[in-house]
2 protein chains.
Amino acid sequence: MTVTIYDVAREAGVSMATVSRVVNNNPNVKPQTRKKVFEAIERLGYRPNAVARGLASKKTTTVGVVIPDISNSIFAEVARGIEDIANMYHYNIILCNADKKKEKEIRVINTLLEKQVDGLLFMGGVVTQDHIQAFNTSSVPIVLCGTKEEGNSFPSVDIDHEIAAFDAVNVLISQGHRNIGMISGTLEDPANGYSRYQGYKRALEEAGIPIRDNYVRVGNYRYESGIEATKYFLSLDPKPTAIFSATDEMAIGAIHTIQDHGLKVPDDVSVISVDNIRMASMVRPMLTTVAQPMYDIGAVSMRLLTKLMNKETIDNNQVILPHEVINRNSVAHV
Amino acid sequence: MTVTIYDVAREAGVSMATVSRVVNNNPNVKPQTRKKVFEAIERLGYRPNAVARGLASKKTTTVGVVIPDISNSIFAEVARGIEDIANMYHYNIILCNADKKKEKEIRVINTLLEKQVDGLLFMGGVVTQDHIQAFNTSSVPIVLCGTKEEGNSFPSVDIDHEIAAFDAVNVLISQGHRNIGMISGTLEDPANGYSRYQGYKRALEEAGIPIRDNYVRVGNYRYESGIEATKYFLSLDPKPTAIFSATDEMAIGAIHTIQDHGLKVPDDVSVISVDNIRMASMVRPMLTTVAQPMYDIGAVSMRLLTKLMNKETIDNNQVILPHEVINRNSVAHV
DNA sequence: CTGTTAGCGCATTCAT
DNA sequence: ATGAATGCGCTAACAG
């Protein structure tokens, strides 16, 4: 039924070792026999069995990717960066959504390891002790992608969310705003939640602006929760003259809510956020935001992983990618 | 170094066959010995090697997914549907972006087959003779997902793009519009391009509206090309009173362009399209569109594939999922 | 219910 | 430059 390396060997009149050599581009084969083998391969329609090869060589040229949710455009963009580089180095990726759920994350880490992936890219929520324990059972390298771990005991690549938020809030402050509301993510989320909130706080503190509890609402990153938070802000007195949103999607919700109240962005209320999703330039006014290099985060993570898998020495395995504020039209002087 | 089934057998004082049985949940094991084995597994930190299992059993519990571009929200949504169902049936997915490029598609199909996936989900551009040839070398089932093939010789799941477009244009016509422009995709693309254009044409024909060449512009599905096409339409005399866009993203470009010209949507120009991406309800006015059940297309494809892999008999392997027009605020009576 | 024995398809020594 | 032999870790008869 299925044609194996033995069949090719017989057809070509050589040993299976020789076939293996030509298939693996081993130079120690006479051009003539190489040709014979290729012809036999062609004739028989031979297709190497990567599973058998994986068992024999202990390499699968496959890496596992744990991602929160591929249907979220942020992660999808990261995933594309990962896959492009993986492809470039002849790896394939097994993709697993884990929704930032600890149990699910640990479960897929284990099945990925069972599948003998050559490396693991982890993009998740909090990295708990249980995660670390799971990571430590791995004999293959792991890199955290858009995620950090307290002890920095694993290679990682991400932006500095605290500074990104700090920078965002500062463009507001530099425009004279002092009543600045924040739509935060959940504070349990270390990157998009907690760190961005810390950046907000620090910016205000350094500017000598007192922090008011009712100027901070926590949302769930989605459009709808941006709407909800903004409605609340607009009911306040004094209402914020500017809103810093932890994510673009909530910021867009904010913009629309402000407009629905008959106010103007940015004339009446300025809005800024962090992410720079495609949609950010597809709203009116176009959203000013600090860009997070999603694709690069994925690409650089994967590149780092290839080095690790290759046992190359790494100079810096805690890479922080630069962010950049993108000035568009949603921020104005107060 | 790595602990195998033999180590567990020795540790538990049983044969490796018995260990294999408990690992595979074979009922023919005395509860007592089962317990002993589990303890040994625990003690040794044994992790089954799925590659070895795959070689021995000729099943990898892995399916290959060929997708155009995971960073495109439409496909990402489909992918999520695929992965959820795959997960449910204990499959993992190897994800490959192929950008609708024939060479790339055929290349990844082959590497996926080499990796001994148990099935293949193909989401691509045109299905050429070369594709069919590649498919035919496969000993595992293949289902086309959001893609059709002329001869219907492969299982597939999709919506009926022609009728979806037809329905969209008809809501325009039912509102009294007769000057209807279309922003099309490339006509080489059978689904999103050609079929949707055919639906547009048929709707006009059935309504006795002549088709004018300058009322049709072909774009590339992106926001920017929606803008470009719309600028052109607005320069016409008479200009269209309604625009049908092949995709939501181009439709959003249309809306903004109309607004930037000081006109109102839908009062001055109506806009409708096909897709229903998240963004559609995040524009003002919210976009009226005919929804394509992305997640379901993925989920149903994967479910069909599981049946095929399971050698179940299929009643209908050419499934057409329903679409639905979502009335929002971008269409008005002329 | 449990153990023995063969492969699965290939990479990889080690000879020659 | 090529071939023979071994084993990767496991499943799946088969026997008992």
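Everything below is about the structure printed above this text.
Because the structure is predicted, anything quoted here is derived from the model rather than measured. (Residues numbered from 1 in each chain as written. Chains lettered and ligands numbered in written order. Predicted model: local features only at pLDDT ≥ 70, side-chain atom pairs only at ≥ 80, totals over all residues. Heavy atoms only, no water.)

(A) Molecular detail of the nonpolar core. With 158 residues, the main nonpolar core has Tyr200, Phe244 and Met302 of chain A together with Tyr200, Phe244 and Met302 of chain B as its most contacted residues. Non-local contacts of tyrosine 200 of chain A, meaning those with residues more than four positions away in its chain, are made with Ala165, Val169, Ile180, Gly181, Met182, Tyr215, Val216 and Phe244 of chain A. Among the nonpolar cores identified, the runner-up in size contains 39 residues, and Ile132 of chain A together with Val66, Leu112 and Phe122 of chain B belong to it. (Core = buried A, V, L, I, M, F, W, Y, C linked by side-chain atoms within 4.5 Å. Buried < 20%, exposed > 50% of the residue type's maximum accessible area, 1.4 Å probe, protein only. Contact = heavy atoms within 4.5 Å.)

(B) Up close: the protein's contact with DNA strand C. Taken together, 28 residues lie around DNA strand C, and Ile5, Ser20 and Tyr46 of chain A together with Thr18 and Arg21 of chain B are the ones closest in. Put simply, 60% of the atoms of DNA strand C that lie within 4 Å of the protein are in sugar or phosphate. Sorting the residues of the surface near DNA strand C by element identifies α1 (5–12), α2 (16–23) and α4 (50–57) of chain A together with α2 (16–23) and α4 (50–57) of chain B as the ones contributing at least two each. Across the surface near DNA strand C, the residue classes tally to 14 nonpolar, 10 polar and four charged. (Near = heavy atom within 4 Å. Helix = DSSP H or I, 4+ residues; strand = E, 2+ residues; numbered from the N terminus. Nonpolar A, V, L, I, M, F, W, Y, C, P; charged D, E, K, R; others polar.)

(C) Quick look at empty space enclosed by the protein. What the rule picks out here adds up to one cavity of 30 Å³ or more. Of the pockets and cavities examined, the largest cavity occupies roughly 50 Å³. Ile252, Met279, Met282 and Val283 of chain A together with Ile252, Met279, Met282 and Val283 of chain B together form the lining of the largest cavity. For the lining of the largest cavity, the residue count by class is eight nonpolar, no polar and no charged. (1 Å grid on protein atoms, 1.4 Å probe; cavity = no way out; pocket = protein on both sides within 12 Å on 5 of 7 lines; lining within 4 Å. Points joined across faces, edges and corners; volume = space filled by probe spheres on them.)

(D) Here's a closer look at the relation of the copies chain B and chain A. Structural alignment of chain B on chain A gives an RMSD of 0.1 Å, achieved by rotating through 180 degrees and translating 0.0 Å along the axis. Expressed as a symmetry operation, the mapping of one chain copy onto the other fits a two-fold axis. Rotation axis and chain B: the residue whose C-alpha lies nearest the axis is isoleucine 94 of chain B, separated from it by 2.2 Å. The overlap is high: 100% of the interface residues of chain B also sit at the interface in chain A, so the same surface is used on both sides. (Least-squares fit on C-alpha atoms with pLDDT ≥ 70 in both.)

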